[in-house]
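Okay, here's what each chain looks like letter by letter:
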Amino acid sequence: MRDVVVVEPATGGLAALAGIATRQGAPSVFVKAFADVPADDVFRTEAEGLAALRDLGGVATPEVILADRELIVLSVLRPRPRSETFWERFAYALAHLHLSTTHPRFGWHRDNWLGRRRQINTWDDDGFAFFAQHRLLRWLGEPRVEAALDARDRAALERLCHRLPDLLPDRPACLTHGDLWAQNVLATPDGQPALIDPAVSYMWAEVDLAHVWSTAPPPEARRFFDVYAELTALDGDWRARMPIVQLRQHLAVLAQFDDDWGAADQVRATLAPFRTRT
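Report on the accompanying structure. (Residues numbered from 1 in each chain as written. Predicted model: local features only at pLDDT ≥ 70, side-chain atom pairs only at ≥ 80, totals over all residues. Heavy atoms only, no water.)

## As for the nonpolar core
This is how the line gets drawn: Definition of nonpolar core: a set of buried residues of the types Ala, Val, Leu, Ile, Met, Phe, Trp, Tyr and Cys, connected through side-chain atoms within 4.5 Å. Three labels apply to residues, based on accessible area from a 1.4 Å probe with only protein chains included: buried if under 20% of the type maximum, exposed if over 50%, partly exposed otherwise in between. Only runs of H or I of at least four residues qualify as helices and only runs of E of at least two qualify as strands under DSSP, and these elements are numbered from the N terminus. Contact between two residues is taken to exist if any of their heavy atoms lie within 4.5 Å; hydrogens are not considered.
Ranked by internal contacts, the top residues of the largest apolar core, which has 69 residues, are F224, L251 and L254. The leading source of residues in this core is helix 2 (residues 84-99), at 7 residues. When neighbours within four sequence positions are excluded, L254 is seen to be in contact with R144, V145, A148, L149, D260, A263, A264 and V267. Membership of the second largest hydrophobic core comes to 11 residues, among which are V37, A39, F43 and A47.

Listed below in structure tokens is the structure:
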């Protein structure tokens, strides 16, 4: 892209470098890159995830202009409006994504990426086994996780994984965004909810719900959860399950960032009932 005049850095992301590129005689674009690219397929799998959310789940996503080894170039979205109406619309969009894409198996047809770490998506018929193996236990070998959790914590995580069928309801797989914190919810030029930075797979819908719930959504999102619960017929205990489902994301944060924003404390608190007493 040789018509770029200036690039203004964008804030909000954690794993990559990003900015808005102003172009001469053409619309501005959003550009994202890594200082040190972790693998050749990072941006191609991100582009595929955006297409899947849009084409399979009907969710608005930015247009992919270019995706290669070095960077991804997207159409520019707007900041989300600070309104309850916007979040209610998002509840409808997310419920439609989850309800319209149920799948008989858990996983995805290829591995992709969560931040700078590869997300393993090997197909499995058993959602509890898939979640335990590829979304929780897979983080135990990461150096930062090993430093943050002691042997009793790691043993507690293994016990929790063994008990997942008793702790969580048996839900079908559906297409999930996979990294749905509030910063990844933006708006189209006409104000409709739009999503960025996916780590898609067929997984439990509550993986997405837990991430929104646990990452300080704004006050105007308060109706989002009630509307989503009504549309998807969630039982009344769903809030109590969120810390267990969100363990995956807390462990991923621990693995990738020096500042864990309280993730280690959250993990230990969730694992406390599963620690053996000495």
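After presenting the structure, the write-up continues.
## A few points about the environment of C161
Assignment of secondary structure puts C161 in helix 5 (residues 151-162). C161 has contacts with A132, L136 and L137, leaving out every residue within four places of it along the chain.

## Some thoughts on the pattern of salt bridges
How we decide: Should a side-chain nitrogen of Lys or Arg be within 4 Å of a carboxyl oxygen of Asp or Glu, the pair is scored as a salt bridge.
For the structure on display, the rule yields 22 salt bridges. As a salt-bridge pair, D153 and R268 come within 4.0 Å of each other at their nearest N and O atoms. In this pair, D153 sits in helix 5 while R268 sits in helix 11 (residues 263-271), placing the two residues 115 residues apart along the sequence. For D153, a relative accessible area of 1% puts it in the buried group. Note that R171 is salt-bridged to E206, the shortest N-O span being 3.9 Å. Separated by 35 residues along the polypeptide, R171 in the loop between helix 6 (164-167) and strand 8 (174-176) and E206 in helix 7 (residues 206-214) bring together distant segments of the chain. One connected set of salt bridges, linked through shared partners, spans D150, D153, D265, R268 and R275.

## A word on the packing of aromatic side chains
The cut-off we apply is this: Any two rings among Phe, Tyr and Trp, with Trp reduced to its six-membered ring, count as a pair given centres within 6.5 Å; such a pair is stacked if its planes are under 30 degrees apart, edge-to-face if over 60, and tilted if neither. In this scheme, Lys NZ or Arg CZ marks a charge over a ring once it lies within 6 Å of the ring centre and within 35 degrees of the ring normal.
In the structure shown here, the tally under the stated rule is 16 aromatic pairs. Aromatic side chains F86 and W87 sit 6.2 Å apart centroid to centroid with 85 degrees between the ring planes, which places their arrangement in the edge-to-face category. Accessibility assignment for this pair places F86 and W87 in one class, buried. Relative to F225, the ring of F224 has its centre 4.9 Å away and its plane inclined at 80 degrees; by these criteria the two rings are edge-to-face. Overall, the relative accessible area of 7% leaves F225 in the buried class. Clustering of aromatic rings is evident, with ring pairs tying together F86, W87, F90, W213, F224, F225, Y228 and W238. One residue, R138, lies across the ring of W139, its end atom 3.9 Å from the ring centre.

Just distances and angles here, no functional claims.
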